[in-house]
Amino acid sequence: MRKLKLEGQYSDDDLVARLRSSKTRHKAYTELLDRYQERIYWQVRRIVGGHEDATDVTQNVWLKVFRGIDGFRHGSTLYSWLYRIAHNEAINHNKKNKKHILATSQLRTTPSQEDGPSSERIEKLIQGALLALPDRQRMVFEARYFDETPYLHLSKELRISVGALKASYHHAVKKVEFYVRKHAE
Amino acid sequence: MQNKKEVQDELREISPLLADAKLRMRPDKTLPNNFFRRQQEVILKEVGLLNQGRVRRIRLAWLAGLAASITLVVIATRTPQPNDALDRALSGLEEEAMEAYIAEESQYIHTDYLVRDGFLKSMEQ
């Protein structure tokens, strides 16, 4: 499992302040990448599929982050902002390339096995289900299911209580399960 | 490891189907060696270029502002100023000038000055 980068020398808020200052920007940018680059890459890769596409999309994500950091408002947390940019970029990339690999119609055409759907098929179904989830539930599901992020860490990152995170995850899992069962038949 | 078990137990409690799917999930696809390090270098390089472009734009804007200020100063100093001495000399002459004008001794009157003061206008009414 991937190593989770825990908070470094600065909090996310301090990091944003350092990103906005021309004196500290370069170092802060390196730290931002150290902290989130890997997670953002895998988040994008799960949506776009291939390594090359994921590399291009993540590069665009980081350039957009850099260009937009002055406009970042503290109404959301840094991670949820990054997550949203990455999600949108990945979805737009698929639309642009007319990739609908996750479309239900295509998922249905995948031959199912007698002893249940293959793990690859379930992974695709999970990705299809994630597209239908609200932002917060999707974000929590991905952090917990794929990255195995501890609730406490996520709570700090998203400024959401552990209880609320658990509830979001519970709802997300139930919805994903419903989707998978419905489309795996 | 402890966290991994916690995540799996929690998931099994909510959905055994997804818990099994997670166990069967393919491991992360392998990435080229040092991929993240190299990608970071590429991004930082691009960011550096962007940053340079940004600094260049700021410098250009600053230079344009400076040039505009200099132009304004030059225009202001080169533009002929109103004749202050004449203005001062005439400022105390208003009544006298009017009297002179009425007495048709217009050679003493600076007509423009009277026009400016609305004297002629008021005479027309």
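Residues numbered from 1 in each chain as written. Chains lettered and ligands numbered in written order. Predicted model: local features only at pLDDT ≥ 70, side-chain atom pairs only at ≥ 80, totals over all residues. Heavy atoms only, no water.

Student: Whenever I open this one, the nonpolar core confuses me. Can you help?
Tutor: As a rule of thumb, nonpolar side chains are buried together in soluble globular proteins. Among the nonpolar cores identified, the biggest contains 67 residues, and Y29, L32, W62, I126, F141 and Y145 of chain A are the most heavily contacted of them. Top contributing element to this core by residue count: helix α2 (residues 25-48) of chain A, with 11 residues. Each residue touching Y145 of chain A, except ones within four places of it in the same chain, is listed here: I126 and Y169 of chain A together with L11, L18, A21, K22 and M25 of chain B. (Core = buried A, V, L, I, M, F, W, Y, C linked by side-chain atoms within 4.5 Å. Buried < 20%, exposed > 50% of the residue type's maximum accessible area, 1.4 Å probe, protein only. Helix = DSSP H or I, 4+ residues; strand = E, 2+ residues; numbered from the N terminus. Contact = heavy atoms within 4.5 Å.)

Student: I would appreciate a short explanation of the confidence of the model for chain A in the present structure.
Tutor: Interpreting fine coordinate detail is not advised for predicted regions of low pLDDT. Residues and elements named next belong to chain A. When pLDDT is averaged across chain A, the result is 83; 84% of the residues are at 70 or more. Of all secondary-structure elements in chain A, the lowest mean pLDDT belongs to helix α5 (residues 104-109), at 40, while helix α9 (residues 162-184) reaches the highest, 93. Considering only residues more than four positions removed or in separate chains, one finds that residues 103-114, a stretch of pLDDT under 50, has 15 contacts. (pLDDT = per-residue confidence, 0-100.)

Student: I would appreciate a short explanation of the packing of aromatic side chains in the present structure.
Tutor: Counting across every chain of the model gives 12 aromatic pairs over all chains. Aromatic pair Y41 of chain A and W42 of chain A: ring centres 5.1 Å apart, planes at 85 degrees, arrangement edge-to-face. Grouping residues by exposure puts Y41 of chain A and W42 of chain A together as buried. An aromatic cluster is built from Y41 and W42 of chain A together with F35 and F36 of chain B, whose rings are joined through pairwise contacts. Over the ring of Y79 of chain A we find R39 of chain A, and its NZ or CZ is 4.3 Å from the ring centre. Here the basic side chain of K22 of chain B rests over the ring of Y145 of chain A, its NZ or CZ set 5.3 Å away from the ring centre. (Phe/Tyr/Trp six-rings, centres within 6.5 Å; stacked < 30°, edge-to-face > 60°. Lys NZ or Arg CZ within 6 Å of the ring centre and 35° of its normal.)

Student: Help me understand the pattern of salt bridges, please; the structure alone is not making it clear to me.
Tutor: If the charged atoms of two oppositely charged side chains come close together, the side chains can form a pair. Across all of its chains, the model carries 15 salt bridges over all chains by this definition. Between D20 of chain B and R12 of chain B there is a salt bridge, with its nearest N and O atoms 3.0 Å apart. Residue classification places D20 of chain B among the partly exposed residues on the basis of a relative accessible area of 36%. Judged by relative accessible area, which is 35%, R12 of chain B ranks as partly exposed. Look at the salt bridges and you will find they share partners, linking D12, E31 and R35 of chain A into a network. (Salt bridge = Lys/Arg side-chain N within 4 Å of Asp/Glu carboxyl O.)

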